[in-house]
Amino acid sequence: MSSSSSSVSPLSLTRHPVARLAFRPFFLLAALFSVLSLVVWFAFWHGDILLRPHGGLMWWHQHEMLFGFATAVVTGFLLTAVQNWTGRRSLHGGPLLGLVALWLAARGLIAFPAGLPGWLIVTVDVAFLPVVGIVMARLVIAAQRWRNLIFLPALGLLTLANLGMHLGVLNGEAALIRQSAYLAVLLVTLLMVVVGGRVIAMFTANRLGLTRRPPIAALEYASLGSVMAVVLAMLLAMLGLALPAPLLASLMGLAALANAVRLARWGGQHSWREPLLWGLHASYAFIPVGLAMWALSLFGAFRTDVAVHALTIGGMGTMMLAMMARVSLGHTARQIRTLPGIGVALGLMVAAALLRSPVLALFPQITHWTYNLGIIFWCLAYGVFLFHYTGPLLAPRPDGEDG
């Protein structure tokens, strides 16, 4: 066998740095996929059809930003963090590349269905998150790190929400699609509440030399429990058992208030010089903002999708960018610092969220401009991430260790 053929053998591929830990392929692919997806969405918004995906472009945009982009980031983070939580080697090598291939296959089948039966597309796409859950469960249970089991039911419900969006397409049930998408948004919000509560205050105190205020147990339970209650309410709505609007609005209002108070205790006012810190604080702030706006939308104050975009762009998009920027440096043995342009990128994400939610709620007549700028700002922000991090994510660690 020649040296050129052996250099691309399956064995050498599984030993490539990109196959060492899940954050490497999934952060890179998630960022790239989000930019490409929004370019397609931008073209559609201007009347150009670049794609004829399964479910149509409206469904594809909703589904792929949640179950393409967001779940890839969640997977990269969880399957990397679980190694630290359990002290056991996480998914790597061939099995990791197989999981990446499954994610890519789902994206390809949904974007280019080519007349394939719907059940095949659904099966490939819905299979991804259960595999992630099984990998996590094996490590968590083996190490008996029971507090991390909270992520498993969240992954299970995300799988259910994904299936609901697909069944809504196959059966022509617009309400099921909408409620399933809302459930997915709230589940990722719940994950942000859990992860944010674990790391934002700690990162802030450690980086700025602050004395970390001890958590208040009642506030922690209220912050997490109220969001769980909202998730349960949306699950019931998806199953056709919707709560009365005043009750749901009250739950969302409570969740917004509890998480706003929780955030206020983390010292965010001291983080303005550190983009990787204020980006996390700003993204978490969109959780109470989005939930409060959603509560108001239930009484007809504005469209619900305006509130939802506060959570998806301001919360998810901004927090995921900040976390990927930080995690990618730490796990590639590089100094954790704000690289040039990352602060601007995070600012663009915050601006995109403000334009797409509070500003649009107040000035609905400028929808065209807010949509356009929101898409452009997102693409620029994640383009900055790709510019800085593609190399490190594909390269070995300077210290030669796995990671």
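Residues numbered from 1 in each chain as written. Predicted model: local features only at pLDDT ≥ 70, side-chain atom pairs only at ≥ 80, totals over all residues. Heavy atoms only, no water.

Visitor: Before we move on, can you summarise the nonpolar core with the specific residues and values?
Guide: Counting residues in hydrophobic clusters, the biggest one holds 141 residues, and the most contacted among them are F69, W294 and Y382. The element contributing the most residues to this core is helix α9 (residues 174-208), with 20 residues. With near-sequence residues (within four places) excluded, F69 lies in contact with A30, F33, S34, E64, M320, W378 and Y382. (Core = buried A, V, L, I, M, F, W, Y, C linked by side-chain atoms within 4.5 Å. Buried < 20%, exposed > 50% of the residue type's maximum accessible area, 1.4 Å probe, protein only. Helix = DSSP H or I, 4+ residues; strand = E, 2+ residues; numbered from the N terminus. Contact = heavy atoms within 4.5 Å.)

Visitor: Quick rundown of the packing of aromatic side chains? Include the residues and the values.
Guide: Here the structure, examined in full by the defined rule, presents twelve aromatic pairs. Where W41 meets F44, the ring centres are 5.2 Å apart and the plane angle is 35°; that geometry is what we call tilted. Here the residue W41 and the residue F44 both occupy positions in helix α3 (residues 23-45), the gap between them amounting to three residues, near one helical turn. Taking the relative accessible area as the measure of exposure, W41 reaches 9% and is therefore buried. F44 gets classed as partly exposed once you look at its relative accessible area, which sits at 25%. Ring centres of F385 and Y389 lie 4.6 Å apart, and the angle between their planes is 15°; this geometry places the pair in the stacked category. With F385 and Y389 both in helix α15 (residues 367-394), this residue pair falls four residues apart, about one helical turn. Grouping aromatic residues by their ring pairs yields a cluster made of F69, W378 and Y382. Cation over ring: R326 sits above F203, and NZ or CZ is 3.6 Å from the ring centre. (Phe/Tyr/Trp six-rings, centres within 6.5 Å; stacked < 30°, edge-to-face > 60°. Lys NZ or Arg CZ within 6 Å of the ring centre and 35° of its normal.)

Visitor: Describe helix α11 (residues 245-264), and please don't skip the residues or the numbers.
Guide: Given a rise of 1.5 Å per residue, 20 residues ought to cover 28 Å, and the 28 Å separating the end C-alpha atoms of α11 matches this to within 8%. Within α11, the full set of buried residues consists of L248, A249, M252, A255, A256, A258, N259, R262 and L263. Its buried side turned inward, α11 meets α9, α10 (217-238) and α12 (275-297). (Expected span 1.5 Å × (residues − 1).)

Visitor: Give a description of the pattern of salt bridges that names residues and reports values.
Guide: Throughout the structure, instances matching the rule amount to six salt bridges. As a salt-bridge pair, R262 and E220 come within 2.8 Å of each other at their nearest N and O atoms. With R262 in helix α11 and E220 in helix α10, this pair connects stretches of sequence that are 42 residues apart. Assessed through its relative accessible area of 5%, R262 is described here as buried. A salt bridge links D305 to R303, with the shortest nitrogen-to-oxygen separation between them at 2.8 Å. You can call D305 partly exposed: its relative accessible area is 23%. Given the relative accessible area of 43%, R303 is considered partly exposed. Here the salt bridges share partners, and the residues they tie into one network are E64, R107 and D125. (Salt bridge = Lys/Arg side-chain N within 4 Å of Asp/Glu carboxyl O.)

Visitor: So what's going on with a nonpolar patch on the surface? Which residues, and what values?
Guide: Taken together, the side chains of W369, L373, I376 and L380 make up a nonpolar region of the molecular surface, amounting to roughly 390 Å² of accessible area. By the secondary structure assignment, L380 is in helix α15. Assessed through its relative accessible area of 46%, L380 is described here as partly exposed. (Patch = residues over 30% accessible without salt bridge, like charges linked within 9 Å, V, L, I, M, F, W, Y side chains within 5 Å. Areas by Shrake-Rupley, 256 points an atom, 1.4 Å probe, with all protein chains shown as cover.)

Visitor: Tell me what's going on with the environment of F77, and back it up with residues and numbers.
Guide: Positionally, F77 belongs in helix α4 (residues 56-86). Judged by its relative accessible area of 16%, F77 is buried. Here the alpha-carbon distance between F77 and S328, two residues 251 residues apart in the chain, equals 9.8 Å.

Visitor: Outline the layout of surface pockets, supporting the account with residue identities and numerical values.
Guide: In this structure, the largest pocket encloses a volume near 800 Å³. For the largest pocket, the lining is made up of 28 residues, of which H61, Q62, D305, H309 and R356 are closest to its centre. Looking at the lining of the largest pocket, the elements that each hand over two or more residues are α3, α4, α9, α13 (304-331), α14 (342-362) and α15. Taken together, the residues of the lining of the largest pocket break down into 20 nonpolar, five polar and three charged. Contributing to the lining of the second largest pocket are 17 residues, with R147, G197, R198, E220 and R262 lying nearest its centre. Mapped by element, the contributors of at least two residues to the lining of the second largest pocket are α9 and α10. (1 Å grid on protein atoms, 1.4 Å probe; cavity = no way out; pocket = protein on both sides within 12 Å on 5 of 7 lines; lining within 4 Å. Points joined across faces, edges and corners; volume = space filled by probe spheres on them. Nonpolar A, V, L, I, M, F, W, Y, C, P; charged D, E, K, R; others polar.)

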